[in-house]
Amino acid sequence: RQAIRDFRSLQKNPLLFLERHSSVPAGRYKISTLGLNFHIFYKAETAHRILVQKQQNYGRCPLVFDRIRPLTGQRGLVQLQGKEWAKLRQSYARMFDKQSMAKLEPHFQGKANHILNQEDGNQIDILSIVSDYVLSNALDLFAGRDDPKSRIISQHFLDLNKLCGGRMLNPFSLPSIREIRNRRKLDRGVETFLKDSPLQNSEAGPGSQLLSDQIKTFLFAGHETTTSSIVSAIYLLAKHPEAQEHFQTLSMEDQKKFIEAVYAEALRLYPPAYILVRTAKEDDEDLSVKAGDHVIVAVREIHRNDDLWEDPEAFKPERHQRKTTFKPGQYIPYGSGAKKCIGATLAPVEAVGFIQPRLRRFILCPTNELTMESHITLFPNGPLNIKIKARS
């Protein structure tokens, strides 16, 4: 009975369940029910073992990847495996190298300044604004053009994410009528958008299923998660006026480095990928995991573990400015190993592009607390209103 209660609690509110059990002495918690075994791990060294050292032994978890297929497509980079995945990832990797990212910096800052110039009033919903900014960037980069009409894709995507997330880790759930309808809306939105896209690909031209699935994948991996992390970074800055004042004392280059550190700290406290789930292909005797068992790496709890971090609940960007090396598995907001998020170089550049001009011009103050929903990813639960006051 306890196992069934645990399983239902994990499904209903994963974040709360993981937090409640994060102090288990062994650094692990096991749920065995309905013929399924779930192992939840809270230690950095175990995370490193699963994600890096023994990554070949741990594959995709169907309870997660089957649920996110409507969001990523059947042949999106997230879903592919083996040689097909390696080939496609290698081709996309060139888009995310440091040289390419450096070229995008002025583009992102230009968009951020355009948004600033259109703002009116002394209070804004930063979630809505950041979502627009990140979606615009994603469509520019991965679909070859941006169009204000495409904003509706964003809402379809977020709605579908919640519905799919509600079924995550449930092996017996079937898509609801609402989920099917939202999936069709998203598919139609992407197809309509791609009709006039100039994007060409050696493997897939506009209108192909492969291209459509890649667009969905990058919306999944680069829109919602980046929106969530930039919003949490702005919230933390707004909550800490001393950090905003410190920013004003820095040179342009040091301002950039400071925002990168702020963003890294936001990813520590509010990692969008708050859990990483794998399924064992073979027995792992050291972890007492059997083939077919599911393992959950509790990323957020590792990021807040007081054995790993000094004052772990506090906002301290300086953690990421010191010349210190984190322990393997200690800081994994993008995952780790071969499957580490391909956009790990892009997100900080987008964050700097948006935040730097805003901090130069405004003093920020939150009017409500940031709360998160835990579905497939960690995402703000409703609007986040920020008061803004122009600097003299």
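Note that the structure is predicted; figures quoted are calculated from it, not measured.

K.L.:
It is not clear to me how the sheet that holds strand E10 (residues 385–390) should be interpreted in this structure. Could you clarify?
P.N.:
Within a sheet, each strand pairs with its neighbour through backbone hydrogen bonds, oriented either parallel or antiparallel. Judged by pairing direction, the sheet is antiparallel, and its 3 strands sit side by side in the order E4-E10-E7 without closing on themselves. The two strands at the open ends of the sheet, each matched to only one other strand, are strand E4 (123–125) and strand E7 (362–366). Between one strand axis and the next, the sheet turns through 35° on average, direction left out of account. Here E7 pairs with E10 via 5 bridges, running antiparallel. Considered in E10, the bridge of Ile 363 is made with Lys 389. This element, helix H10 (residues 209–239), spans E7 and E10 of the sheet and lies at about 95° to E7. Relative to E7, helix H14 (residues 346–361) is tilted by about 100°, and along the sheet it contacts E4, E7 and E10.

K.L.:
Which parts of the structure should I look at to understand the pattern of salt bridges?
P.N.:
Once their charged atoms are close, side chains differing in charge can pair, the charge on each being opposite to the other. All chains considered together, the criterion is met by 14 salt bridges. For Asp 284, the salt bridge is made with Arg 49, and the minimal N-O distance between the two is 2.7 Å. Here Arg 49 lies in helix H3 (residues 44–53) and Asp 284 lies in the loop between strand E5 (275–280) and strand E6 (294–298), a separation of 235 residues in the sequence. Asp 284 sits in the buried class, given a relative accessible area of 4%. Lys 162 is the partner of Glu 373 in a salt bridge, and the nearest nitrogen-oxygen pair spans 3.6 Å.

K.L.:
Looking at this model, I keep getting lost on the packing of H10 against helix H12 (residues 252–269). Mind explaining?
P.N.:
Packed helices, taken two at a time, are described by their axes: the angle between them and the distance between them. Where H10 contacts H12, the axes come no closer than 8 Å and their chain directions differ by 110°. In terms of their interaxial angle, H10 and H12 are classed as roughly perpendicular. For the pair H10 and H12, contact is made by Thr 226, Ser 229, Ile 230, Ser 232, Ala 233, Leu 236 and Leu 237 and by Phe 258, Val 262, Tyr 263, Ala 266, Leu 267 and Leu 269, respectively. When its residues are assigned to classes, the contact of H10 with H12 shows 10 nonpolar, 3 polar and no charged.

Reading the values: the criteria
- Residues numbered from 1 in each chain as written.
- Predicted model: local features only at pLDDT ≥ 70, side-chain atom pairs only at ≥ 80, totals over all residues.
- Heavy atoms only, no water.
- Pairing = 2+ DSSP bridges.
- Helix = DSSP H or I, 4+ residues; strand = E, 2+ residues; numbered from the N terminus.
- Axes fitted to C-alpha atoms, helices over the stretch in contact; angles between N-to-C directions.
- Contact = heavy atoms within 4.5 Å.
- Salt bridge = Lys/Arg side-chain N within 4 Å of Asp/Glu carboxyl O.
- Buried < 20%, exposed > 50% of the residue type's maximum accessible area, 1.4 Å probe, protein only.
- Parallel < 35°, antiparallel > 145°, perpendicular 65-115°, else oblique.
- Nonpolar A, V, L, I, M, F, W, Y, C, P; charged D, E, K, R; others polar.

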